[in-house]
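For reference, the chains in residue letters:
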Amino acid sequence: MSLFLHKPSYPHKPIWSLENLADSLRVSSAELTAIAALADRSYRKVELEPGNTREVFSAKPRLKEIQKRIKFAILMRVSFPTYLTGSLKGRDYITNAQLHAGARVLICEDVTKFFPSVSAEKVFDIWRHFFGFSDQVAQLLTRLTTKGSSLPQGASTSSYLANLVLWRDEPLLQAKLAANGITYSRYVDDMSMSCKDNLTSQDIEHVIAEVYGMLRSNGLSAKRKKHEVFTSSERMIVTKVVVNAKPSWNAHRRAAVRTQVHVLEQRVSSGETGAELYKFVDRTGNLV
C-alpha cells in the first residue's frame, strides 16, 4: 500500500552564501557574524510565576531583531501540513482539538523537556537539509537560533523550528496512522492520536510504540507520567479542550478565551517578549 506523505516544505531558492543571507535579512554579513559570535551570551532568563518550572529566555535587542527577521524572511515562508498546529498563523490549540472531535479512542503524549532536548545539531540539520542552505549559512543560522547546545524556549524563531524538529520522520508516521483510520496532530510538544472506530489494546500499544520510536530516533522522549488513553465513555481532552462530540465550551467562556488569545496574538505579533508577556501566556493557559 502506497502512502501519501504530507510534508512541511520550503518552496523557495536555498540560500548558499552569507552575502545572500545578509541581503535576505537586510543586514550586513559582518554584523550577522558579530551577533552570532555573541549569541550564547545574548539571552536573559525570564522570571515566571511561582511554581512554573519552564526555562524561558528573552533575547537581547540586537539578537532579538535578527531572530525576528529570520522568522519573517525564512521561517514564515514554510508551508506546514495541517497536523502541525502550534504557534502557526491561523492555528491554535482549538484548531488542534477540532481534528479529534467525535473520536471513540484518544491517545495523548507529551514530550519531556521539549525545547532543551532539541540539540543544536538537530537545528543545524533543519537549516542544512530541510531548507537546503549551505554549510556556512546553516552554521551561522544555528548559532543565531540556539542558546548553547539547544533550542531556547521564548525566542521568536524557536516555535517554528520546533515544528520542523521531526521533519524527517513525522510525515511517515502521520501517513501510516492515517492509513489505519487514526488522526495524528502535534501542538508543539503535545501529541494526539485519535480514531473514530474502536481500537484494541494491541492497536493502542502499536500506536504508542510507533510514536516512542520516532521520538527516540530524534533524541526526544515522552513523559510517561502524562501518557493518557481515553475512550468516548469518558471525557476526552486534547490541549485542554473536550472533544467527545465537538470541541466545546459555553458561549460566554468561548468568547472570553478567544478574546484573551486574540490579545496574546497581537502582543506576540508586535514583537513583545519578556516576563510580562509570559505571565500573560500563563494566565491565558489557566483560562482553559
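Nothing here was measured: the structure is a model prediction, and the numbers come from that model.

Enquirer: Summarise the overall build of the protein chain; cite the residues concerned and give the values.
Expert: Secondary structure summary: the protein chain contains 12 helices and eight strands in total. Counting over 288 residues, the protein chain shows a buried share of 47%. Here the analysis covers contacts within the protein chain between residues at least 6 apart in sequence; of these, 74% occur between residues at least 24 apart. Put simply, the protein chain shows about 14400 Å² of open surface, and 51% of that area lies on carbon and sulfur atoms.

Enquirer: Before we move on, can you summarise the environment of Arg62 with the specific residues and values?
Expert: Mapping Arg62 onto the fold places it in helix α3 (residues 61-73). Judged by relative accessible area, Arg62 falls into the partly exposed class, the value being 48%. Counting along the chain gives 20 residues from Arg62 to Ser42, while the straight-line C-alpha distance between them is 8.4 Å. Residues within four places of Arg62 in sequence aside, it is in contact with Glu31 and Ile35.

Enquirer: Which residues make up the nonpolar core, and what values do they have?
Expert: Ranked by size, the top nonpolar core spans 68 residues in total, and within it Ile74, Trp127 and Phe131 carry the most contacts. If near-sequence neighbours (up to four positions away) are discounted, Trp127 is found in contact with Ile70, Ile74, Leu75, Gly132, Phe133, Ala138, Leu141, Thr142, Thr145 and Leu161. Counting residues in each nonpolar core, the second largest holds 12 residues, with Ala97, Leu106, Cys108 and Val241 among its members.

Enquirer: Lay out the sheet that holds strand β6 (residues 228-231) in plain terms, naming residues and giving numbers.
Expert: Here we have four strands laid out as an open sheet, ordered β4-β5-β3-β6, and antiparallel in their pairing. Each edge of the sheet is formed by a strand with only one pairing partner; in this case those strands are β4 (182-187) and β6. If you compare each strand with its neighbour and ignore which way they point, the axes differ by 15 degrees on average. Across six bridges, strand β3 (residues 105-110) lies against strand β5 (residues 190-195) in antiparallel orientation.

Enquirer: Pulling in residues and values, what's your account of helix α1 (residues 18-25)?
Expert: Listing the buried residues of α1 in full gives Leu18, Leu21, Ala22 and Leu25. Along the axis of α1, the buried positions cluster into a sector of 100 degrees, meaning they face one direction only. Once α1 finishes, Arg26 follows within two positions and takes phi at roughly 55 degrees, a positive value.

Enquirer: With reference to specific residues and values, describe the pattern of salt bridges.
Expert: Enumeration according to the criterion identifies eight salt bridges in this entry. The salt bridge partner of Arg128 is Asp135, with a shortest N-O separation of 2.7 Å. Taking the shortest distance from any N to any O, the salt bridge between Arg186 and Glu170 comes out at 2.7 Å. Highlighted residues: Arg186 in strand β4 and Glu170 in helix α9 (residues 170-179), separated in sequence by 16 residues. Here Arg186 and Glu170 have matching classes, each one buried.

Enquirer: So, the side chain of Thr85: which residues are in play, and what are the values?
Expert: Tracing the backbone through its elements, the reader meets Thr85 in the loop between α3 and α4 (93-98). Within the local environment of Thr85, its side chain forms a polar contact with the side chain of Asn96, the two groups lying 3.0 Å apart. For Thr85, the contacting residues outside a window of four places in its chain are Arg91, Asp92, Asn96, Leu99, Arg186 and Tyr187.

Enquirer: With reference to specific residues and values, describe helix α10 (residues 201-217).
Expert: In this model, α10 (17 residues) spans 24 Å end to end at C-alpha, consistent with the 24 Å of a helix rising 1.5 Å per residue. For α10, the full list of buried residues reads Ile204, Val207, Ile208, Val211, Tyr212, Met214 and Leu215. Axial view of α10: buried residues confined to an arc of 160 degrees, hence all on one face. Opposite its buried face, α10 presents the exposed residues Gln202, Glu205, Arg216 and Ser217, each directed more than 90 degrees away. Looking one or two places after α10, you find Gly219, whose phi comes out positive at around 75 degrees.

Rules of the game
- Residues numbered from 1 in each chain as written.
- Predicted model: local features only at pLDDT ≥ 70, side-chain atom pairs only at ≥ 80, totals over all residues.
- Heavy atoms only, no water.
- Helix = DSSP H or I, 4+ residues; strand = E, 2+ residues; numbered from the N terminus.
- Buried < 20%, exposed > 50% of the residue type's maximum accessible area, 1.4 Å probe, protein only.
- Contact = heavy atoms within 4.5 Å.
- Areas by Shrake-Rupley, 256 points an atom, 1.4 Å probe, with all protein chains shown as cover.
- Core = buried A, V, L, I, M, F, W, Y, C linked by side-chain atoms within 4.5 Å.
- Pairing = 2+ DSSP bridges.
- Axes fitted to C-alpha atoms, helices over the stretch in contact; angles between N-to-C directions.
- Arc of directions from axis to C-beta.
- Salt bridge = Lys/Arg side-chain N within 4 Å of Asp/Glu carboxyl O.
- Polar contact = N/O pair within 3.5 Å; in protein donor to acceptor, adjacent residues only side chain to side chain.
- Expected span 1.5 Å × (residues − 1).

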